Amino acid sequence: MSPPLQKRIRRHVVGKLHDFFAATAPGIEPLCLEELAALGIAGREVPGGVEFNGRLHECYRANLHLRTAGRILMRVHSFHATSFSALEREAQRFAWELFLPQEDSPRIQVATRHCRLHHTGAIAERLLRGVQEHLGPPAAAPLGSSPCLQQIFIRGADDRFVVSIDSSGASLYRRGVKTRGGPAPLRETLAAAALMWCGYAADEPLMDPMCGAGTFSLEAALWAKRIPPGWFRNFAFTRWPAFSGPRWAHMRRTAAEGFVALKAPRILASDIDAEACRRLEVCIGASGLADAVAVRCADFFSLEPPTLAVRPGTIVLNPPYGRRLGTPGTGRDLLCRVVERLATHYRGWRFALVAPQNAWAPSLPFPHEARPLVHGGMRVVLVVGNVPPRPAGKPQPVEATAKKTPVD
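Residues numbered from 1 in each chain as written. Predicted model: local features only at pLDDT ≥ 70, side-chain atom pairs only at ≥ 80, totals over all residues. Heavy atoms only, no water.

A. A look at the overall build of the chain. Across its full length, the chain carries 10 helices and 14 strands. Counting every position in the chain, which comprises 408 residues, the buried fraction comes to 51%. Long-range contacts, defined as pairs at least 24 residues apart, comprise 79% of the intrachain contacts of the chain with a sequence gap of at least 6. Surface summary for the chain: the accessible area is close to 18600 Å², and the carbon and sulfur share equals 52%. (Helix = DSSP H or I, 4+ residues; strand = E, 2+ residues; numbered from the N terminus. Buried < 20%, exposed > 50% of the residue type's maximum accessible area, 1.4 Å probe, protein only. Contact = heavy atoms within 4.5 Å. Areas by Shrake-Rupley, 256 points an atom, 1.4 Å probe, with all protein chains shown as cover.)

Laid out in structure tokens, this is it:
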């Protein structure tokens, strides 16, 4: 990189405040706002995410630490255009070299509303052509560098276009921990939201008795060990011309100083599918989370919490709804059985239950709150609440022959 370009980057990118947007799933914006506040970053909740203002290092921190955000965008340009020629001129003269690596050809994502230019494919084509003409032919990638997807988002409303570059790369729900999902994988951002809404405390037991691919268990393990959700993955911003390797390394070292090793697992993941349990055990071992999660192959309806040496804490349930479950009627039957089991065997526990809207019918006999969300294009209900403790003098039934698993 030439000294004049370095000087321009320091002046116009590193030394300036920027507008950022943390995108979230609908309904999760308040949690993301709270997470940013915990990082000392002031934000403003808007539909679909949270806007905040800061320097580049605050973008790094948001990517590393936010559990509920899907990606972090940096606003870099806005303009008015009613013709493709005007759009292409803006793309050709914008200083892309300050923001994007010359060796990466970006992907363009377009959305418009009330614009005379409404053909998203044509807008993306013209914008990409302008970017490539401005940057020139792709340069060779630095030796030893790893490719990471660069994306440009352009949003048009009433002929005004806002251009953002994506700092995250792959969506932030991809933590870099889970190597393969199950038949109905739960996104980590939704799992984190469920844990927050139900009041999960990282120092208490957590049961995940329909774990599948283990999303809830892995998310809770990172939380319990104080490992940032972005610790195991790469980010697009690490290839930006303005990226500061030393600052990023310092940020990671500071985060690592807060990691904790647990004396015994606090999280019990179980499933009736032995192969799913085996894959999860491999994933847990490879990620260094074995001190946080114990895995057991078992049917939820046969588990007895007292025999597992588990004191009341949090139970999370993502039943096998959707195609695996069959009809809505079948789903309602299963959910009714789940609720009945919670009421009789999990007294004193708080819970989070994910269910499809078309199957959610049970009336719960204890305090709860149902939140409509969208998961993988499916409308679901996240039900959180507390099962009242059992009255004194009425012990919970325990199977005398059940095998204990050491869980804190």
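B. Broad picture of the nonpolar core. Leu-66, Ile-72, Trp-96, Phe-99, Ile-152 and Ile-154 are the most contacted members of the largest nonpolar core, which totals 94 residues. Filtering out sequence-adjacent residues up to four positions away, Leu-66 remains in contact with Ala-22, Cys-32, Glu-35, Leu-36, Leu-39, Arg-61, Ile-72, Arg-175 and Pro-229. (Core = buried A, V, L, I, M, F, W, Y, C linked by side-chain atoms within 4.5 Å.)

C. Highlighting the pairing of strand E11 (residues 314-317). Burial of the side chains of E11 extends over both faces: Thr-314 and Val-316 are buried on one face and Ile-315 and Leu-317 on the other. Bridge analysis of strand E8 (residues 206-208) against E11 gives 2 bridges, and the strand direction is parallel. Of the residues in E11, the one forming a bridge with Leu-206 is Thr-314. The sheet contact formed by E11 and strand E12 (residues 350-356) spans 4 bridges and is parallel. Paired with Ile-315 across the strands is Phe-351, a residue of E12. (Pairing = 2+ DSSP bridges.)

D. How the structure looks around the environment of Cys-59. By the secondary structure assignment, Cys-59 is in helix H3 (residues 56-65). A relative accessible area of 0% means that Cys-59 is categorised as buried. Considering only alpha carbons, one finds Cys-59 and Phe-20, 39 residues apart in sequence, at a separation of 7.6 Å. Beyond its immediate sequence surroundings of up to four residues, Cys-59 is in contact with Phe-20, Ile-72 and Ser-167.

E. How the structure looks around the packing of aromatic side chains. One pass over the full model with this rule turns up 17 aromatic pairs. Measuring from ring centre to ring centre gives 5.2 Å for Phe-20 and Phe-52, while their planes differ by 20°; the resulting arrangement is stacked. Here the residue Phe-20 occupies a position in strand E1 (residues 18-23), and Phe-52 occupies one in strand E3 (residues 49-54), the gap between them amounting to 32 residues. Centroid distance Phe-237 to Phe-243: 6.0 Å. Interplanar angle 50°. Geometry classified as tilted. Classification of Phe-237 by relative accessible area gives buried; the value is 0%. Taken together through their ring pairs, the aromatic side chains of Tyr-60, Phe-235, Phe-237, Phe-243 and Trp-248 make up a single cluster. (Phe/Tyr/Trp six-rings, centres within 6.5 Å; stacked < 30°, edge-to-face > 60°.)

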